[in-house]
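Given next are the chains, with one letter for each unit.
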Amino acid sequence: MRYRGRVRSCHGAHFIEVGVEGRVRLVMESALTARDRVGVQDFVLLENYTSEAAFIENLQRRFRENLIYTYIGSVLVSVNPYKDLEIYSRQHMERYRGVSFYEISPHIYAVSGNTYRAMRTERKDQCILISGESGAGKTETSKKILLYYAFTCPAHDCMASLGDRLLQSTPVLEAFGNAKTLRNDNSSRFGKYMDVHFDFRGVPVGGHILNYLLEKSRVVHQNHGERNFHIFYQLLGGGEDELLKRLGLERSPQKYRYLVKGNCSRVSSINDNNSWKAVRKALPVLGFTEEEVQELLNIVASVLHLGNTQFGEGDEGETHITTEAQIKSLTELLGVDDSALRQALTHKKLIANGEEMISPLNFEQAGSARDALAKAIYGRTFTWLVEKINQSLTDNDEVYSSKCSSFIGLLDIYGFEVLQHNSFEQFCINYCNEKLQQLFIELTLRCEQEEYETEGIAWETVQYFDNKIICDLIEEKHKGIISILDEECLRPGEACDISFLEKLEDSLGGHAHFLTHKLANGKTRRIMNREDFRLLHYAGEVNYNVSGFLEKNNDLLYRSLKEVMCQSNNQMLSQFFCREEVIDQKRPEMAATQFKNSLTKLMDILMSKEPSYVRCIKPNDAKQPGRFEEVLVRHQVKYLGLMENLRVRRAGFAYRRRFEAFLQRYKPLCSDTWPNWHGKLSEGVSTLVQHLGYKPEEYKLGRSKIFIRFPKTLFATEDALEAKKPVIVLTLQTAWRGYRERAKYHRIRRAVIVIQSAWRGMKARRRARKRRQAAELIRRFVKGFIFRHQEYCLENDYFLDHVRCSFLKNLRKDLPKTVLDKSWLTPPPSLTEASEHLRRMHMQNMVRKYCRSIMPEWRKQLEQKVVASEIFKGQKDNYPHSVAKLFLGTRLESEQINLNVVQTLGSDKVQYGSVVTKYDRRGFKARPRQLLLTASSAVLVDRTKIKQRIDYAALRGISVSQLSDGIFVLHVHNEDNKQKGDVVLHSDHVFEVITKVAIMADTTNHVNISQGSIRFAVARGKEGIIDFTRGSELKVAKGKRGHLLVTVPQLNT
Ligand SMILES: Nc1ncnc2c1ncn2[C@@H]1O[C@H](COP(=O)(O)OP(=O)(O)O)[C@@H](O)[C@H]1O
Ligand SMILES: [Mg+2]
């Protein structure tokens, strides 16, 4: 979508409609509604299309609205606005790019774009012929076209500068080939045909320029109010002081004879300084080296010096040069020999009968020889310049100059010229315009009619003026004006312009388009000069003054001057003036014949291409904006043949295409013709147009072409195609994407399969290996199991290792956590010993850990318990019951012990106390006592009194029964008289008491656990016995035979 929203065109907003999809379309039809104000944008839509007045009115209406462009079918009519309209911006270029011709308001860009598209799609070379009077805007138009291509065509990297070079060639060519004339301040004084070369992708890749007939006479003479070529003024005005000094020039143009003839060195619309800068900038871009630029400027300067070279006449009529300074500059600038130049400027060399003769020139001859040299130098420089530019524009790349490339030619050639005084140049120019008109007629009018005929389509004949008769008048061999002119130039004897005129009268008198003073009737005679001949051109009558015709046609440059130039050491000059030319005896072709031949070539070039036309009109002679001089415009409309053109357009069909082209383009619009039509082409087209609903009056089918009468029919079809395009694109896209995605899918699938198979193979191999290993393992295991009882050997090593290993592993998990946990895994036979070691080590370790962790009090407790265990374990019945009961530090608090007792004991501090029952040795009466243990003795206390004190040293041993009673006997040494004998005691905490005593008294080894009765000593050698018997409850009583009988209850375990 090119445009979004409503676009305001500078051409008037009413011209642009924004379609549903944002597309600009159908401008032409909508323009009809606004035609009262701005006219129609295609003269074909003019109601009164045969009226010249209506035509001009429409042109004027549009001109008033700054709408300078109007179509006649495909011909663009352009009126010079003489002011800058803002319609040439990049946005405008974009707007006209890719939009079909009739869709948007007329513009030079539309023609350019259309031509470009036609070249691309139809692969046919194109040309755009720009014609019109001098000053009508041809050159501007051609520049706009170039600009359009430079900006809108796709660019190739290495060709990026081509557009630049194309554009830069303009200021250089204009500097050397354009001049200010009365009609145009920047009038092209040469014809220019430029080919732009596009490669198969539509990228501009090269260019080529053909130049025609430079108006050389301007170098030496200008009419009043006109100037010489711009370059002279640019050099003098813009050249640096140093440069001018080197060239021996002064800044003022007034100093140069060649620049003062027109008396108009300053022009307000021209800025010579800026142009000079532009030229200097452009030359290197175009590939000119600095040396070449300098040599070029030398030549330009030498022309000015030549102009100032003056002659004097000696006494004997001999001519000599009077301006020495000029000659000096000239010899330097031209790089020629001083005396040779002097000689050549004042003498001529003749060859008569094969012999060289030198004869002096008279004053006048010397002047014209000098002027001829100036013209020759300038003319050849210009030709060289064009060649040089062509080299720079030539596309050297083989790849791009392949067969698929195409051309667009631009012809900007002098328009029809009618001046006050018309000379040889105007004759040539107007002849050229006759030829172009003929081409136009040939290509549009006649071809159109002929085509209708060959296509078998009924046609109402359009009357048009065929100017072939005038062309023949000028160019016909032997009979034409040019032939007569050449003959007159070559004729031996005194030929002059007047004799030429007479010859013309003789040969052409009576021709309908030829007239002279002599041949004219009285009325015409009055306005004709005697030296004039009149041609009735297709565009109007022109009187040509014959004076100078012969000389200009001869374009004579004396041999001697050519020879001098050949010897120049200025590289450029020696290229223009080559030796062969001097040696060659054959006369070169005359100027008019040369021009005729080049025109014939040009016509051939143009014929081979598809032409588009731009007809330029200038609205006034004053170069003023907004002024529309009807008379002037009518004249141009007439000689441009626009009315005839329009008549033909309206009578005929707006559009025609060969069946294949039409079908090819529009076949997607009908299901019968899409994608391919296999029947006859005409039937295909017929099917297609019927499907499109064309009405019979809208089209005709010829033999090989379809003709569509109204543009709107075509627009509708184009629009339908545009609308259809997305669908076609979508189909193509779908197919292509499908293909691409399928290919991609297959590629991925193949890759996936490869990866999968590799991965699966690897996995399977891994699994197989594992299984093999497992089977091997099982086999070894089973074998090992069978051989398990044998010595460690190859068969059972794995099994045994495994058993060991798993035992150790299991053991690690199942180790006893506490010292008391005596569980331990059963080891395999081979590890019995190791297991035992481990068990011990583990136990030790646990014990060590345990021991490290216990508190001092608890340690004491345990030490005591250990002692108790050593003494009683497995010996006394109720010992196991006692284990869990803790031993106390003491069972008597200090306040429970009588003070007297404490005092009596003095420093021997009580360390343990407990309540016991003492049994008398005789009678066994039970008495409550306190048993106190000090550091040195065990003391029995009866409330306040110490009853007995047993030094530990005196303690012989301790006896207890093996039963679960609390009776114990402290045995003392009998020898100690202080003692009353052994002591029989009972304690509820018998283990604690005995353990304490045994520790304190260090008698652990002397604790006797008696199996039966306990004997104890009574004083004076007597002895008591304690018997123990099992009963239902504890009873201590005197038994038979005076024994103490202790009944001990059975412990229920
Ligand atoms: N499209 C245009 N817009 C503005 N001015 C223009 C346009 N065309 C021509 N002119 C003016 O007219 C003058 C003459 O145009 P030019 O192209 O040199 O004429 P031609 O080549 O036909 O002799 C230009 O210098 C310019 O001032
Ligand atoms: Mg021009």
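This section reports on the structure supplied with the text. (Residues numbered from 1 in each chain as written. Chains lettered and ligands numbered in written order. Predicted model: local features only at pLDDT ≥ 70, side-chain atom pairs only at ≥ 80, totals over all residues. Heavy atoms only, no water.)

**Quick notes on the overall build of the chain**
At step 1: Of regular secondary structure, the chain possesses 37 helices and 31 strands.
At step 2: For a compact globule of 1053 residues, the expected C-alpha radius of gyration is about 31 Å, and the chain comes in at 68 Å, more than 25% above that figure.
At step 3: Taken along its principal axes, the extent of the C-alpha atoms in the chain is 210 × 80 × 70 Å.
At step 4: A total of 1053 residues make up the chain; the buried ones form 51% of that total.
At step 5: The contacts in the chain between residues at least 6 apart in sequence include a share of 62% that link residues at least 24 apart.
At step 6: Carbon and sulfur atoms provide 51% of the accessible area of the chain, an area that totals close to 52,100 Å².
At step 7: Once the 156 positive and 127 negative side-chain charges of the chain are each reduced to a mean point, those two points are 18 Å apart. (Helix = DSSP H or I, 4+ residues; strand = E, 2+ residues; numbered from the N terminus. Rg over C-alpha atoms; globule rule 2.2 N^0.38 Å. Buried < 20%, exposed > 50% of the residue type's maximum accessible area, 1.4 Å probe, protein only. Contact = heavy atoms within 4.5 Å. Areas by Shrake-Rupley, 256 points an atom, 1.4 Å probe, with all protein chains shown as cover. Lys, Arg positive; Asp, Glu negative; His and termini not counted. Charge placed at Lys NZ, Arg CZ, Asp CG, Glu CD.)

**Thoughts on the site of ligand 1**
At step 1: Close contacts around ligand 1 come from 15 residues, with Asn80, Gly135, Lys138, Thr139 and Glu140 the closest.
At step 2: Within the side chain of Tyr88, one N or O atom sits 3.0 Å away from a nitrogen atom of ligand 1.
At step 3: Looking at side-chain class alone, the shell around ligand 1 contains four nonpolar, seven polar and four charged residues. (Near = heavy atom within 4 Å. Polar contact = N/O pair within 3.5 Å; in protein donor to acceptor, adjacent residues only side chain to side chain. Nonpolar A, V, L, I, M, F, W, Y, C, P; charged D, E, K, R; others polar.)

**Side note on the coordination of the magnesium ion (ligand 2)**
Six octahedrally arranged donors around a metal ideally form angles of 90 or 180 degrees; four tetrahedrally arranged donors ideally form angles of 109.5 degrees.
At step 1: Looking at the magnesium ion (ligand 2), one finds its protein donor set to be Thr139 (OG1) and Ser188 (OG), positioned 1.9 to 2.2 Å from the metal centre. With Thr139 in helix H6 (residues 138-152) and Ser188 in strand S5 (residues 187-188), this residue pair connects regions lying 49 residues apart in the sequence.
At step 2: For Thr139, a relative accessible area of 13% corresponds to the buried category.
At step 3: Residue classification places Ser188 among the buried positions, given a relative accessible area of 14%. (Donors = N, O, S within 2.8 Å, 3.2 Å for Na, K, Ca; no water.)

**Remarks on unusual backbone geometry**
At step 1: Note the cis peptide between Trp674 and Pro675, where omega equals 0°.
At step 2: Checked against the element boundaries, Pro675 lands in the loop between helix H29 (659-666) and helix H30 (681-692).

**So, the environment of Ser1010**
At step 1: Position of Ser1010 among the secondary structure elements: in strand S27 (residues 1007-1010).
At step 2: Classification of Ser1010 by relative accessible area gives buried; the value is 9%.
At step 3: Other than its neighbours up to four places away in sequence, Ser1010 contacts Val960, Ser961 and Gln962.

**Here we look at a positive patch on the surface**
At step 1: Taken together, the side chains of Arg765, Arg766, Arg769, Lys770 and Arg772 define a basic patch exposed on the protein surface.
At step 2: As for its placement among the helices and strands, Arg769 is situated in helix H31 (residues 711-786).
At step 3: Residue Arg769 is classed as partly exposed on the basis of its relative accessible area, which comes to 43%. (Patch = residues over 30% accessible without salt bridge, like charges linked within 9 Å, V, L, I, M, F, W, Y side chains within 5 Å. Salt bridge = Lys/Arg side-chain N within 4 Å of Asp/Glu carboxyl O.)

**Things to note about the sheet that holds strand S15 (residues 540-545)**
At step 1: The strand order S13-S14-S15 describes an open sheet built from three strands, whose pairing is antiparallel. Of all strands in the sheet, those with a lone pairing partner are strand S13 (514-516) and S15, marking the two edges. Mean inter-strand twist for the sheet, computed between neighbouring axes without regard to direction, equals 25°.
At step 2: Along the sheet, helix H18 (residues 468-475) makes contact with S13 and strand S14 (532-537), crossing S14 at roughly 150°. (Pairing = 2+ DSSP bridges. Axes fitted to C-alpha atoms, helices over the stretch in contact; angles between N-to-C directions.)

**Quick look at the packing of aromatic side chains**
At step 1: All chains considered together, the criterion is met by 34 aromatic pairs.
At step 2: Ring geometry for Tyr116 versus Tyr149: centroids 6.1 Å apart, planes at 40°, classification tilted. A residue pair is termed long-range when its members are at least 10 positions apart, and Tyr116 in helix H5 (residues 108-122) and Tyr149 in helix H6 qualify at 33 residues.
At step 3: Taken together, Tyr88, Tyr96, Tyr109, Tyr116, Tyr148, Tyr149 and Phe198 form an aromatic cluster joined through their ring pairs.
At step 4: The ring of Tyr88 carries the charged tip of Lys144 above its face, separated from the ring centre by 4.2 Å. (Phe/Tyr/Trp six-rings, centres within 6.5 Å; stacked < 30°, edge-to-face > 60°. Lys NZ or Arg CZ within 6 Å of the ring centre and 35° of its normal.)

**Points about the sheet that holds strand S22 (residues 937-942)**
At step 1: Here we have eight strands laid out as an open sheet, ordered S23-S22-S21-S20-S26-S25-S24-S27, and mixed in their pairing. Only two strands of the sheet have a single partner each, and these edge strands are strand S23 (945-951) and S27. Strand-to-strand, the axes of this sheet are offset by a mean angle of 35°, without reference to chain direction.
At step 2: Two strands pair when backbone bridges link them, and strand S25 (residues 967-972) and strand S26 (residues 983-986) are joined in this way by four bridges, in the antiparallel orientation.

**Details of the pattern of salt bridges**
At step 1: Throughout the structure, instances matching the rule amount to 58 salt bridges.
At step 2: Ionic pairing is found between Glu133 and Lys618, a salt bridge with its closest N-O pair at 3.7 Å. Placement of Glu133 in the loop between strand S3 (126-132) and H6 and of Lys618 in the loop between strand S16 (610-617) and helix H27 (630-639) is noted, with a sequence separation of 485 residues between them.
At step 3: Between Asp199 and Arg201 there is a salt bridge, and its shortest N-O distance comes to 2.6 Å.
At step 4: For Asp199, a relative accessible area of 1% puts it in the buried group.
At step 5: For Arg201, a relative accessible area of 29% corresponds to the partly exposed category.
At step 6: Overlapping salt bridges, with partners in common, bring together Glu133, Arg183, Lys618 and Asp621 in one network.

**Things to note about the pairing of strand S21 (residues 926-934)**
At step 1: Relative to S21, strand S20 (residues 910-919) runs antiparallel, the two being bridged by nine bridges. What sits directly across from Val916, in S21, is Arg929.
At step 2: Taken together, S20 and the strand that follows it, S21, pair antiparallel across an intervening segment of six residues, in which Gly923 is found at a positive phi of about 80°.
At step 3: Where S21 and S22 come together, four bridges link them in antiparallel fashion. Note on S22: the bridge partner recorded for Leu933 is Ala938.

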